[in-house]
Amino acid sequence: MNGQVLAPYAAFPENSAGRQYPEPATPYRSEYQRDRDRIIHSTGFRRLVYKTQVFVNHEGDLYRTRLTHSIEVAQIARTVAGALNLNESLVEAISLAHDLGHTPFGHAGQDTLNACMRDFGGFEHNLQSLKVVDELEAKYADYPGLNLMFETREGILKHCSARNARSLGDVGLRFIERKQPGLEAQIANVADSIAYNNHDVDDGFRAGLLSLSDLRSQTLFNDQYEIVRERYPDLEDRRLIYEIIRRMINRVVTDLIVTTQKNIEVASPDSIDDIRNMQQPLVAFSDEIFAEHTALKRFLNASLYQHEQVQSMTGKAQRMLEDLFDRYMSEPGEMSDEFSARASGDESTKARAVADYIAGMTDRFAIAEHERLV
Ligand code: MG
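For clarity, every value in this text was computed on a predicted model and none was experimentally measured.

Here we take up the overall build of the chain. If you tally the helices and strands in the chain, you get 19 helices and zero strands. The buried share of the chain, taken over its 374 residues, is 55%. Long-range pairs, those at least 24 residues apart, make up 71% of the contacts in the chain between residues at least 6 apart in sequence. Approximately 17100 Å² of the chain is accessible, and the part contributed by carbon and sulfur atoms is 49%. With 42 positive and 57 negative side-chain charges, the chain shows a spacing of 1 Å between the two charge centroids.

Assigned domains of the chain: these are domain 1 (27-310) and domain 2 (320-373). Between domain 1 and domain 2, the C-alpha centre-to-centre distance is 28 Å. With 24 residues of domain 1 at the interface, the matching set in domain 2 holds 22 residues. Across the interface of domain 1 and domain 2, roughly 1900 Å² is buried in total on both sides, 66% from carbon and sulfur atoms.

In the contact formed by helix α1 (residues 31-40) and helix α4 (residues 88-97), the axes pass within 8 Å of each other and the chain directions differ by 25 degrees. Here α1 is positioned roughly parallel relative to α4, judged by the angle of their axes. Where α1 crosses over α4, the two elements pack in a sense that is left-handed. Along its contact with α1, which presents Tyr32, Gln33, Asp35, Arg36, Ile39 and Ile40, the element α4 presents Ser89, Leu90, Glu92, Ala93, Leu96 and Ala97. Its residues assigned to classes, the contact of α1 with α4 comprises seven nonpolar, two polar and three charged.

Once that is clear, we can look at helix α16 (residues 308-330). With 23 residues, α16 extends 33 Å between its outermost C-alpha atoms, agreeing within 8% with the 33 Å of an ideal straight helix rising 1.5 Å per residue. Within α16 the residues assigned to the buried category are Val310, Met313, Thr314, Gly315, Ala317, Met320, Leu321, Leu324, Phe325, Tyr328 and Met329. Here the buried face of α16 lies against α5 (106-116), α15 (287-305), α18 (347-359) and α19 (363-373).

Glancing now at the packing of aromatic side chains. Inspection of every chain in the model, using the stated rule, returns four aromatic pairs. Between phenylalanine 339 and tyrosine 357, the ring centres sit 5.1 Å apart and the planes meet at 45 degrees, which makes this aromatic pair tilted. A residue pair is termed long-range when its members are at least 10 positions apart, and phenylalanine 339 in helix α17 (residues 337-342) and tyrosine 357 in helix α18 qualify at 18 residues. In textbook terms, an aromatic cluster arises when at least three aromatic residues are bridged by ring pairs, as seen for Tyr21, Tyr140 and Tyr143. Lying over the aromatic face of tyrosine 242, arginine 238 brings its terminal NZ or CZ to 4.7 Å of the ring centre. It is arginine 364 that lies over the ring of tyrosine 50; its NZ or CZ is 3.6 Å from the centre.

To continue, consider the side chain of glutamine 110. Tracing the chain through its elements places glutamine 110 in helix α5. Ignoring any residue separated from it by four or fewer positions in sequence, one finds glutamine 110 in contact with Thr103, Phe123, Glu124 and His125.

Conventions used here
Residues numbered from 1 in each chain as written. Predicted model: local features only at pLDDT ≥ 70, side-chain atom pairs only at ≥ 80, totals over all residues. Heavy atoms only, no water. Helix = DSSP H or I, 4+ residues; strand = E, 2+ residues; numbered from the N terminus. Buried < 20%, exposed > 50% of the residue type's maximum accessible area, 1.4 Å probe, protein only. Contact = heavy atoms within 4.5 Å. Areas by Shrake-Rupley, 256 points an atom, 1.4 Å probe, with all protein chains shown as cover. Lys, Arg positive; Asp, Glu negative; His and termini not counted. Charge placed at Lys NZ, Arg CZ, Asp CG, Glu CD. Domains from an automatic or database assignment. Buried area = accessible area lost by both parts, 1.4 Å probe. Axes fitted to C-alpha atoms, helices over the stretch in contact; angles between N-to-C directions. Parallel < 35°, antiparallel > 145°, perpendicular 65-115°, else oblique. Left-handed = near helix turned anticlockwise from the far one by under 90°. Nonpolar A, V, L, I, M, F, W, Y, C, P; charged D, E, K, R; others polar. Expected span 1.5 Å × (residues − 1). Phe/Tyr/Trp six-rings, centres within 6.5 Å; stacked < 30°, edge-to-face > 60°. Lys NZ or Arg CZ within 6 Å of the ring centre and 35° of its normal.

Here you go:
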């Protein structure tokens, strides 16, 4: 990668558990670059453009969707990985794939589908992201899914219950043995929270749901607000917000790199397996930034995600997905051929096929299906 020498504890394809279905190497791309490319060419990835992050896609053209969110996560994660001499292609692959299992309508969709699946093992978007790349993508003649490298799959599965972990084989093992994933997976995980904390400030402000004075209650925001205000006293609000956000991202990303570098020096790992055997993740913020970052997350949860305007979308989405679930359960033939074929079997098999079908929908396809069927 651009002549960069990776740290000995980075992920190296030659030391990897590799792919579930072995494949010969290619001459000009690393195995993790191939994974990233497979993800970019997947159907699930294209659908992310029409999936809600917080604001429903048709509410405005400037809000983040799952696709732009995933690209922002990849950008942040690559910066951190590059600075720490870790595998940039791997963090990019994990970041771009991490939300592939998300339902339409953001967290409202996930919670609803989970409730519908209560008697059939539940629904968890993180596990679903792994299922998309392992099973549901149907693109290659020789195997189901995208046949990704172990480390990419390890990174996609950020969390998992012990019960689910037992059915996942190699990639589930760390949740039973309480081990860590590699540093690239740890970075993609934290980059996800940095991306949404910052873009939700921007989207929430644009939507008029968060005011400058609301935001100034947050140390992370207010520190940068004061710096920008002093330097540019006449800056209009729109540019003021951008100046603050880019500085906030820089502040937390720099803190993450410096703190993680220190943690690595103290732990002095020799290999990715040393990283996996540690008690704690090494990728971390300083205590101060961790507290500010967590406070901002809580603030956004209370003031933005619970805002009545966002919640009214939540209620609509909930009813829509419940209706669709019931309808496909009683008439599985209304799903596409692939899924209706899978739905023949006991109730639990049918419910899982229905959940996979609904989870794959974009917001607008779910709305169209709801209009067609209900
Ligand atoms: Mg995400």
